[in-house]
Structure formats: structure tokens, C-alpha cells
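Residues per chain are reported as follows:
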Amino acid sequence: MGSASKQSNKPGGKGGVDRRTRIAELRAAEQRRDRRNKVIASVAAGVLVIGAIATGTWLVMDQNQKKKDREAAANADIPGVKTFGDLSRNHVKDKVNYPMTPPVGGDHNAVWLDCMGHVYDKPVENERAVHSLEHGAVWVTYNGKATADDIKILTDKVKATPYSLMSPYPDEQGTITLNAWSTQLIVDSASDPRVNQFFTKYVQGKQTQEPGASCTMGEM
């Protein structure tokens, strides 16, 4: 019996064969795991690449759609808007007797009003507001008929919009008046959808006489 036991542990014996077979099986299993992990990693990388491409494509399409929407809004007619044709643009030091209230163009002061989302709590000088309109700003004015909610909505809108300004205008006929160069719209409420349409179309819109001109460093 002792002799048989020693014989089974020799390199050429049955025990050695079983050990080599087991090692081969373990190596084969490890190789299968490696291949499986590589496949999983490859699939995951592919999914990430496809996702990145899809995301990039969506972003481009979304930006293109937004551009088309802005262009459509810029060309759309807004009911109730009045235009006043070509208006003079001379710099003057004296007060100007404007034909429309509030004024939307004509001769004006050489110094404009700050209009990068500025909200004034008192009436401003016509001649300086008109200069801001020349630079492509939208000027929101309102009288005593405007409610506190109206004023809040308009204030938030103006503060969020570069090239806009807002001030009370007690003498105007309409509750709220939206003014751009040679362009005007009167509404009864800040919730009127034409308010947003007016901003979209006329903030630095086609009517702008000096596109990109400064709306800061002006004066009250």
C-alpha cells in the first residue's frame, strides 16, 4: 500500500495529471472571464460613444430649432404694433417736443440711459431714453393703472433682459407701453402674450439703428 501511494505522486502519475488538468481548467476559466470582461467593456464603450453622438446631435438640432424659432419670431407680425417710419437722429442739448407719447425716436440727448436690464422707479428723461432705443433697447413704461402684479412681472422681465429698461410714465395713455425705435405697442396687462413677443422681436431687433452699441455707462 505504501509503495502504491508513493507511485501516485510521481510527475508521471495520476496525481500529477489531475493537478495539471485542474490548472488548465482554471486558466481556461480565467481566459473566458477576460474575454467576457473585454466584451462587456467594449459594449459599454460603444454605448457611451453612441450616447455622446446622440446627445451632440440632439444639442445641435435643439440649437438649430431655437435659432429657427427666434428667426420666425423676429419676422412675425404682432397685432397692435404701431410704427412711425424714418425718424431723425440728431444729438441735441435742448428738450424735444416729440409727436408720440412716450417717444420712440427722433432727435435726442448725446448721453443715453443705462439699459442693461435697468428698472427706474422715477420718470426718466425722454431724450436719453430715446438714445437707448437707438441702441436697440426696449423701453417699458407704465402709468397708475398698472397693478402691483403688472409691475412685478415687468420688473422681472426687464432685469433678466439686457438691452431693456423700465420706468413709470404717468402721462401715457395706455396702462403699459412697450417702446422700441420707431415702434410702439400698448397693452392693458403684463400677462398679455404680446409682451414677450415684443421683447423677442425688438430687443436688438431689425429696427435698431446702432446694433451692438453700448447700453451701459449712460446717465439718469
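Scroll up a little and you will see the structure.
Quick notes on the rules
Residues numbered from 1 in each chain as written. Predicted model: local features only at pLDDT ≥ 70, side-chain atom pairs only at ≥ 80, totals over all residues. Heavy atoms only, no water. Pairing = 2+ DSSP bridges. Helix = DSSP H or I, 4+ residues; strand = E, 2+ residues; numbered from the N terminus. Contact = heavy atoms within 4.5 Å. Axes fitted to C-alpha atoms, helices over the stretch in contact; angles between N-to-C directions. Disulfide = S-S within 2.5 Å. Buried < 20%, exposed > 50% of the residue type's maximum accessible area, 1.4 Å probe, protein only. Phe/Tyr/Trp six-rings, centres within 6.5 Å; stacked < 30°, edge-to-face > 60°. Lys NZ or Arg CZ within 6 Å of the ring centre and 35° of its normal. Salt bridge = Lys/Arg side-chain N within 4 Å of Asp/Glu carboxyl O.

(A) Fine view of the sheet that holds strand β3 (residues 138–142). The strand order across the open sheet formed by six strands is β1-β6-β5-β3-β4-β2, and the pairing between neighbours is mixed. A strand with exactly one partner marks an edge of an open sheet, and here the two such strands are β1 (82–83) and β2 (116–119). Pairing geometry for β1 and strand β6 (residues 183–187), over two bridges, is antiparallel. Opposite Thr83, over in β6, you have Thr183 as the bridge partner. In the packing of helix α3 (residues 126–134) onto the sheet, contacts are made with β3, β4 (164–168) and β5 (176–180), and the angle to β3 comes to roughly 140°.

(B) Representation of the state of the cysteines within the structure. In the structure shown here, the tally under the stated rule is one disulfide. Bridging Cys115 to Cys215, the disulfide has an S-S length of 1.6 Å. Across the disulfide from Cys115 to Cys215, rotation about the S-S bond amounts to roughly -95°, and the bridge is consequently left-handed. Here Cys115 is found in the loop between β1 and β2, whereas its partner Cys215 is found in the segment after α5 (194–202), with 100 residues between them in sequence. Classification of Cys115 by relative accessible area gives buried; the value is 0%.

(C) A look at the packing of aromatic side chains. Following the criterion strictly, the structure yields two aromatic pairs and no others. Centroid distance Phe198 to Tyr202: 4.6 Å. Interplanar angle 45°. Geometry classified as tilted. Residue Phe198 and its partner Tyr202 are both found in helix α5; the two are separated by four residues, about one turn of the helix. The burial state of Phe198 is the same as that of Tyr202; both residues are buried. Here the guanidinium or amino end of Lys157 rests over the ring plane of Phe199, the centre of that ring lying 5.3 Å away.

(D) Inspection of the pattern of salt bridges at higher detail. Evaluation of the coordinates by the stated rule reveals seven salt bridges. Two residues, Glu127 and Lys95, come together in a salt bridge whose shortest N-O distance is 3.6 Å. Of this pair, Glu127 sits in helix α3 while Lys95 sits in the loop between β1 and β2, and the two are 32 residues apart along the sequence. Under the relative-accessibility criterion, Glu127 is labelled buried at 4%. The partner of Asp156 in a salt bridge is Lys152, and the shortest N-O contact between them spans 2.6 Å. Here the residue Asp156 and the residue Lys152 both occupy positions in helix α4 (residues 148–159), the gap between them amounting to four residues, near one helical turn. One continuous salt-bridge network, built from bridges that share partners, spans Lys95, Glu125, Glu127 and Arg128.

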